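Read off the chains here:
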Amino acid sequence: MTTSRPGVSEGADEAEVLAELTSMIRQVLDGYELEEGEVTMRTRFGSDLELESIDLVALAGLLEERYGRAVNFAEFVAGMELEEIIDLDVGRLVEHICLCLKAAGGAGPR
């Protein structure tokens, strides 16, 4: 089911991006088992998943590997205050990815 959130294009498939992002999070958490449905749009990287800064760097690498330069995680967080980064939720990143893909010409994940 695709959850419609303000600012996200109708052409971007949030459900697909969420599934791919969840897979990347599993890779970053190597060895930590996530339960089915544990990662949602409201899941926070810090308090819920306990990702540390090095984990976010690894996630940024996976995002670039998957989406190329269309999705720049470092640029995305560069404009945020520390508290915003600490409270960052999966949904906000999914929205960012969808917007980046739309701006890149509507190209979906490769």
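Located above this text is the structure these notes cover.
Now for a description of the structure that goes with this document.

Quick notes on the rules
Along every chain, residues carry numbers that run from 1 in the direction the sequence is written. Totals for whole chains, interfaces and linings use all residues, but because this is a predicted model, local features are given only for residues with pLDDT of at least 70 and pairs of side-chain atoms are given and counted only at 80 or more. Only hydrogens and water are set aside; all other atoms, that is, all heavy atoms of the structure, feed into the side-chain values. We define the nonpolar core as a collection of buried residues of types Ala, Val, Leu, Ile, Met, Phe, Trp, Tyr and Cys that are connected through side-chain atoms lying within 4.5 Å of one another. Burial here depends on accessible area, computed with a 1.4 Å probe over protein chains only, as a share of the maximum for the residue type. Under 20% is buried, over 50% is exposed, and the range in between is partly exposed. For the purposes of this entry, the term helix denotes a DSSP run of H or I that reaches at least four residues, the term strand denotes a run of E that reaches at least two, and both are numbered from the N terminus. By definition in these notes, contact holds between two residues if any of their heavy atoms fall within 4.5 Å. Counted as a polar contact is a pair of N or O atoms within 3.5 Å, where, for protein atoms, one must be capable of donating a hydrogen and the other of accepting one, and residues adjacent in sequence contribute only when both atoms are in side chains. Under the convention used throughout, the expected extent of a helix is 1.5 Å for every residue step, that is, one less than its residue count. Each reported salt bridge corresponds to a side-chain nitrogen of Lys or Arg within 4 Å of a carboxyl oxygen of Asp or Glu.

1. Points about the nonpolar core
Ranked by size, the top nonpolar core spans 31 residues in total, and within it Leu21, Ile25, Phe45, Leu59, Leu63 and Leu93 carry the most contacts. Elements that contribute at least two residues to this core include exactly α1 (14-28), α2 (53-67), α3 (73-78) and α5 (90-103). Top element by residues in this core is α5. It accounts for 7 residues.

2. Observations concerning the environment of Arg44
By the element assignment, Arg44 lies in the loop between α1 and α2. In sequence terms Arg44 and Ile85 are 41 residues apart; their C-alpha atoms lie 9.7 Å from each other. In this structure Arg44 touches Leu49, Asp87, Leu88 and Asp89, once residues within four positions along its chain are discounted. A polar side-chain atom of Arg44 sits 3.1 Å from a polar atom in the side chain of Ser47.

3. Details of α5
For an α-helix, 3.6 residues make a turn, and residues three or four places apart therefore share a direction. Taking 1.5 Å per residue, 14 residues should reach 20 Å; α5 reaches 20 Å between its end C-alpha atoms and fits that length. Within α5, burial applies to Val90, Gly91, Leu93, Val94, Glu95, His96, Ile97, Cys98, Cys100 and Leu101. In this fold, the buried residues of α5 make contact with α1, α2 and α3. Remark: Gly105 follows α5 within two positions and exhibits a positive phi of approximately 105 degrees.

4. Overview of the pattern of salt bridges
Here the idea is simple: oppositely charged side chains can pair when their charged atoms come close. Enumeration over the complete set of coordinates arrives at 3 salt bridges. With a shortest N-O distance of 3.6 Å, Asp48 and Arg44 are connected by a salt bridge. You can call Arg44 partly exposed: its relative accessible area is 34%. Salt-bridge contacts for Glu84 lead to Arg92; the nearest nitrogen and oxygen are separated by 3.5 Å. Classification of Glu84 by relative accessible area gives partly exposed; the value is 31%.

5. Re the environment of Glu16
Locating Glu16 in the fold gives a position in helix α1. Taking relative accessible area as the criterion, Glu16 reaches 34% and is therefore assigned partly exposed. Sequence-wise, Glu16 and Val94 are 78 residues apart; in three dimensions their C-alpha atoms are separated by 9.5 Å.

6. Digging into α1
Helix length check: α1, at 15 residues, gives a terminal C-alpha distance of 21 Å against a target of 21 Å (1.5 Å per residue), a fit within 8%. What α1 keeps buried is the set Glu14, Val17, Leu18, Glu20, Leu21, Thr22, Met24, Ile25 and Val28. Summarising the contacts, the buried residues of α1 are in contact with α2 and α5. Two to three positions downstream of the cap, the backbone nitrogen of Ala15 sits 3.1 Å from a side-chain oxygen, assigning the N-cap of α1 to Asp13.

So yeah, pure geometry; function would need other evidence.
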